[in-house]
There are 2 protein chains.
Amino acid sequence: MKGRILRDARKIFGEYGFHGTTTRMIAQKVGIDISTLYYHWGEKGDLYEAVVQDIFEDLRSKLVEVEKLIHGKPLSDRLKIALDIMTDYLFDNPEISNLTLFRYFAKTRSESVLEVKVPETMGNIAYSMGLVKDRKSVPVDAKIKMLALMNSIHNFISGESFFKILLDVDHEDYVKMVKETLAFIMVPAFGQGMKDIKTSE
Amino acid sequence: MKGRILRDARKIFGEYGFHGTTTRMIAQKVGIDISTLYYHWGEKGDLYEAVVQDIFEDLRSKLVEVEKLIHGKPLSDRLKIALDIMTDYLFDNPEISNLTLFRYFAKTRSESVLEVKVPETMGNIAYSMGLVKDRKSVPVDAKIKMLALMNSIHNFISGESFFKILLDVDHEDYVKMVKETLAFIMVPAFGQGMKDIKTSE
DNA sequence: AGGTGCTTCCATCAAGCGTTGGAGACTTTG
DNA sequence: CAAAGTCTCCAACGCTTGATGGAAGCACCT
């Protein structure tokens, strides 16, 4: 039950954000009384924290999976494959993108432990992309590039409902266009700008 | 007074989003009673619509200004200048980025007339970037590229408070890094991928 | 059968929300 | 000077919110 609540809370929080979500909405989605929800998770903020923690872990383990998959391949292949897999994964779990962006852009009320772990993750992505040689000491300019990369994907996932109407395409075409656009932008940038580092491998 | 309310409402809505903002917060910021606010603007949703409309017009007129400035210049210069000016402008008016992203990513409750005007704007950007030759008939793949471009900027503006801590830099360095990163990613992409169109000018 | 611990629901609370009515104050008009 | 109009605030409304206390159900052990 505790897990079921967490799973449904993810979706609701992801759609409406922290303020836009009410505990009653979550309880209704699960099909239980609100007091049952409070029994298992305590206050709303605690549940939210747990949800954020949860999606963060999911995202991180997915990134590890991708890293193993692309290891050893040439740079532009690595990037294309990673983009492809991550895009598919996030389209299947849009709450991850939604909540990540919510966390970035909406006013934070209480600083959590999570914020320390995000840079670490960005460093890991930079490493598996071959942008840096040492996982431990990642320069800020590499981190901010990975941030831009990740956010571009998140944007397209979270904005789907809006952008789909705007571009007047269906889901299938939208997914295809997103992948093409991401490749169009990212491959030249990271392919070219990184050649100096690449040759030293 | 009506204008003063609009100006302050922009900031509050931009920081906390629609649900995160209360009419009392806005009134307090302006320094008036809530009923005065209601006297001038009616219900919260109407004020919010007005705010969104307002920032949209601001953004559009700024884009027109940029278009005039870069007209006739070679492509990579156009892009660099446009990025530079828009980044500075949005750092000065972060509510524009905040509200734009909020509108894209948070659940919409009532479809507005605005949504029809956004694709038109994206088409105009694509035109002034030299991506398309005809302002009237802009293909979807050009629009989605402009969307990606604009969103990348918005992301860095809206996420500043979060990313600044994450990267452990101050405002000045952050702005510098953002500009470098945007140029790093966008210039190769649009410089290379667009050469075929460029030559036909 | 009775007790114990865990889980669920009903009823309810105080606080905060969006919103409104009405009474004053100040300016403009006759 | 009075009347009309414009603006502002105080007080309050009904409703939704996050949150809780207590009773009922259920499985398990003795």
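Here is what the cut-offs are and how they apply
Residues numbered from 1 in each chain as written. Chains lettered and ligands numbered in written order. Predicted model: local features only at pLDDT ≥ 70, side-chain atom pairs only at ≥ 80, totals over all residues. Heavy atoms only, no water. Helix = DSSP H or I, 4+ residues; strand = E, 2+ residues; numbered from the N terminus. Buried < 20%, exposed > 50% of the residue type's maximum accessible area, 1.4 Å probe, protein only. Contact = heavy atoms within 4.5 Å. Areas by Shrake-Rupley, 256 points an atom, 1.4 Å probe, with all protein chains shown as cover. Lys, Arg positive; Asp, Glu negative; His and termini not counted. Charge placed at Lys NZ, Arg CZ, Asp CG, Glu CD. pLDDT = per-residue confidence, 0-100. Buried area = accessible area lost by both parts, 1.4 Å probe. Salt bridge = Lys/Arg side-chain N within 4 Å of Asp/Glu carboxyl O. Polar contact = N/O pair within 3.5 Å; in protein donor to acceptor, adjacent residues only side chain to side chain. Patch = residues over 30% accessible without salt bridge, like charges linked within 9 Å, V, L, I, M, F, W, Y side chains within 5 Å. Least-squares fit on C-alpha atoms with pLDDT ≥ 70 in both. Near = heavy atom within 4 Å. Nonpolar A, V, L, I, M, F, W, Y, C, P; charged D, E, K, R; others polar. Arc of directions from axis to C-beta. Core = buried A, V, L, I, M, F, W, Y, C linked by side-chain atoms within 4.5 Å.

(A) Structural view of the overall build of chain A. Looking only at helices and strands, chain A features eleven helices and zero strands. Here chain A holds 201 residues, and 53% of them are scored as buried. Considering only intrachain contacts with a sequence separation of at least 6, the fraction spanning at least 24 residues in chain A is 67%. Accessible area of chain A: about 9300 Å², with a carbon and sulfur share of 52%. If the 28 positive side-chain charges of chain A are averaged to one point and the 29 negative ones to another, these points end up 3 Å apart.

(B) Quick peek at the confidence of the model for chain A. Confidence along chain A averages 86 in pLDDT terms, with 91% of residues attaining 70 or more. Low pLDDT, under 50, characterises residues 195–201 of chain A; the stretch is placed with six contacts to residues that sit more than four places away or in other chains.

(C) Region of the structure containing the interface of chain B and chain A. The interface is formed by 43 residues belonging to chain B together with 43 residues belonging to chain A. Buried surface at the junction of chain B and chain A, both sides included, amounts to about 4300 Å², of which 78% is carbon and sulfur. At the junction of chain B and chain A, the tally comes to zero salt bridges. At the boundary of chain B with chain A, the tally comes to zero residue pairs in polar contact (both at pLDDT 80 or more).

(D) Region of the structure containing a positive patch on the surface. All names here are of chain A. A contiguous patch of positive charge, built from R4, R7, K11 and K29, is present on the exposed surface. Ranked by the residues each element gives to the positive patch, the list is headed by helix α1 (residues 2–20), at three residues. Following the sequence through the fold, K11 ends up in helix α1.

(E) Molecular detail of the pattern of salt bridges. One pass over the structure, following the stated rule, counts 22 salt bridges over all chains. The partner of B:R10 in a salt bridge is B:D54, and the shortest N-O contact between them spans 3.0 Å. Of this pair, B:R10 sits in helix α1 (residues 2–20) while B:D54 sits in helix α4 (residues 44–70), placing them 44 residues apart in sequence. Look at B:D54 and you get partly exposed, because its relative accessible area is 23%. Within the structure, one salt-bridge network assembled from shared partners comprises A:R10, A:D54, A:D58 and A:E95.

(F) Fine view of the relation of the copies chain B and chain A. Placing chain B over chain A gives an RMSD of 0.0 Å and needs a rotation angle of 180°, together with 0.0 Å of translation along the axis. Both copies of the chain, as the preceding transformation shows, are related through a two-fold rotation axis. Interface overlap between copies is the fraction of interface residues in one copy that are interface residues in the other; for chain B against chain A it reaches 100%, indicating a shared surface.

(G) Highlighting the protein's contact with DNA strand C. DNA strand C sits among 16 residues. The nearest are A:D33, A:S35, A:H40, B:Y38 and B:K44. Considering DNA strand C, the proportion of its atoms within 4 Å of the protein that are sugar or phosphate atoms stands at 54%. Residue A:Y39 places a side-chain N or O atom 2.9 Å away from a phosphate oxygen belonging to DNA strand C. In the model, a phosphate oxygen of DNA strand C is placed 2.9 Å from a nitrogen or oxygen of the B:Y38 side chain. Counting only elements with at least two residues in the surface near DNA strand C, the list comes to α3 (34–41) of chain A together with α2 (23–30) and α3 (34–41) of chain B. Grouping the amino acids of the surface near DNA strand C by side-chain chemistry returns five nonpolar, seven polar and four charged.

(H) Examining helix α9 (residues 160–167) of chain A more closely. All names here are of chain A. When we look at burial in α9, the residues that qualify are E160, F162, F163, L166 and L167. Buried residues of α9 fall within an arc of 160° about the axis and therefore sit on the same side. D168, located one to two residues past α9, shows a positive phi value of around 60°.

(I) Region of the structure containing the nonpolar core. Core analysis: the largest hydrophobic core is formed by 139 residues, its most contacted members being A:L47 and B:L47. Setting aside its immediate chain neighbours within four residues, B:L47 contacts B:I5, B:L6, B:A9, B:F13, B:I26, B:L37 and B:W41.

(J) Structural view of unusual backbone geometry. Positive phi, normally seen in glycine, also occurs at A:D168, with a value near 60°. Looking at the element boundaries, A:D168 is found in the loop between α9 and α10 (171–193).

(K) View of the protein's contact with DNA strand D. The environment of DNA strand D is formed by 17 residues, the closest being A:R24, A:Y38, A:K44, B:S35 and B:H40. Considering DNA strand D, the proportion of its atoms within 4 Å of the protein that are sugar or phosphate atoms stands at 51%. Here a phosphate oxygen of DNA strand D sits 2.8 Å away from a polar atom, N or O, in the side chain of B:T36. For the surface near DNA strand D, the elements supplying multiple residues, two or more each, are α2 (23–30) and α3 of chain A together with α3 of chain B. Examining the composition of the surface near DNA strand D, we find that four residues originate from one element, α3(B), more than from any other. Across the surface near DNA strand D, the residue classes break down as five nonpolar, seven polar and five charged.

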